[in-house]
Structure formats: structure tokens, C-alpha cells
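Listed here are the chains, written in short residue letters.
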Amino acid sequence: MEKISLECKNCKSKSEIREEKLVFSEKKVLEEAYCPECEEKIYEGETDGWFHVAEIGKKDLADEECTYPMP
Ligand SMILES: [Zn+2]
């Protein structure tokens, strides 16, 4: 699955959805992805992993809200 960019219909914030998987395959189930801003459901699809949602287009707050560990 490619990365998907979506705009939330509710708050108009843009998010990027990426499928994450374990090494081995599991049974596919319907998973949902939610807007990080307002928790509106923005995506639904079958996966044997899970969906990682990252908010994009908020560079002003990137420094404050960065929670990713440095490599
Ligand atoms: Zn939203």
C-alpha cells in the first residue's frame, strides 16, 4: 500500500496514512484511521497490520509536537 494523503472533512486538516505491518502475515481485518486533530474517521480499509496517521501541513508546531525519537 502506498502512502495516502487525506483531508479531514470535519476540520480540514491534512493527514498522511501509512500502512504498518508485522513481518509475518496475519488475517486481514477492517481497520479505521482517525483524524489526529478532531478524531473524525478519515479512512477505512483492510489490513493485516495497522494504519499510522501523521498530520501534515503544520510546520509551525512541528518543533513543539515532535515526539519521534532521533535515530
Ligand atoms: Zn479532523
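Everything in this summary refers to the structure shown in the same document.

Definitions and limits used
- Residues numbered from 1 in each chain as written.
- Predicted model: local features only at pLDDT ≥ 70, side-chain atom pairs only at ≥ 80, totals over all residues.
- Heavy atoms only, no water.
- Patch = residues over 30% accessible without salt bridge, like charges linked within 9 Å, V, L, I, M, F, W, Y side chains within 5 Å.
- Areas by Shrake-Rupley, 256 points an atom, 1.4 Å probe, with all protein chains shown as cover.
- Salt bridge = Lys/Arg side-chain N within 4 Å of Asp/Glu carboxyl O.
- Helix = DSSP H or I, 4+ residues; strand = E, 2+ residues; numbered from the N terminus.
- Buried < 20%, exposed > 50% of the residue type's maximum accessible area, 1.4 Å probe, protein only.
- Contact = heavy atoms within 4.5 Å.
- Polar contact = N/O pair within 3.5 Å; in protein donor to acceptor, adjacent residues only side chain to side chain.
- Pairing = 2+ DSSP bridges.
- Axes fitted to C-alpha atoms, helices over the stretch in contact; angles between N-to-C directions.

Moving on, we come to a nonpolar patch on the surface. Taken together, the side chains of Leu22, Val23, Phe24 and Trp50 make up a nonpolar region of the molecular surface, amounting to roughly 480 Å² of accessible area. Examined against the element boundaries, Val23 turns out to sit in the loop between β2 (14-20) and β3 (29-34).

For the rest of this paragraph, the subject is the environment of Gly45. As for its position among the elements, Gly45 is in strand β4 (residues 41-47). Classification of Gly45 by relative accessible area gives buried; the value is 10%. Put simply, Gly45 and Glu19 are 26 residues apart on the chain and 9.9 Å apart in space, counted from C-alpha to C-alpha. What Gly45 contacts, discounting residues up to four positions off in sequence, is Val29, Leu30, Glu31 and Phe51.

To continue, consider the environment of Glu19. With respect to the helices and strands, the residue Glu19 is situated in strand β2. Expressed as a C-alpha distance, the spacing of Glu19 and Trp50, which sit 31 residues apart in the sequence, is 5.9 Å. Here the side chain of Glu19 touches Thr47 through a polar contact of 2.4 Å, side chain to side chain.

Right, let's get into the sheet that holds strand β1 (residues 4-7). Strands sit in the order β1-β2-β5 across an open sheet of 3 strands; the sheet is antiparallel. Every other strand in the sheet has two partners, leaving β1 and β5 (50-56) as the edge strands with one partner each. Neighbour to neighbour, the strand axes of the sheet diverge by 30 degrees on average, direction disregarded. Across 7 bridges, the pairing between β2 and β5 is antiparallel. Looking at the pairing, Ser15 lines up with Glu55 of β5.

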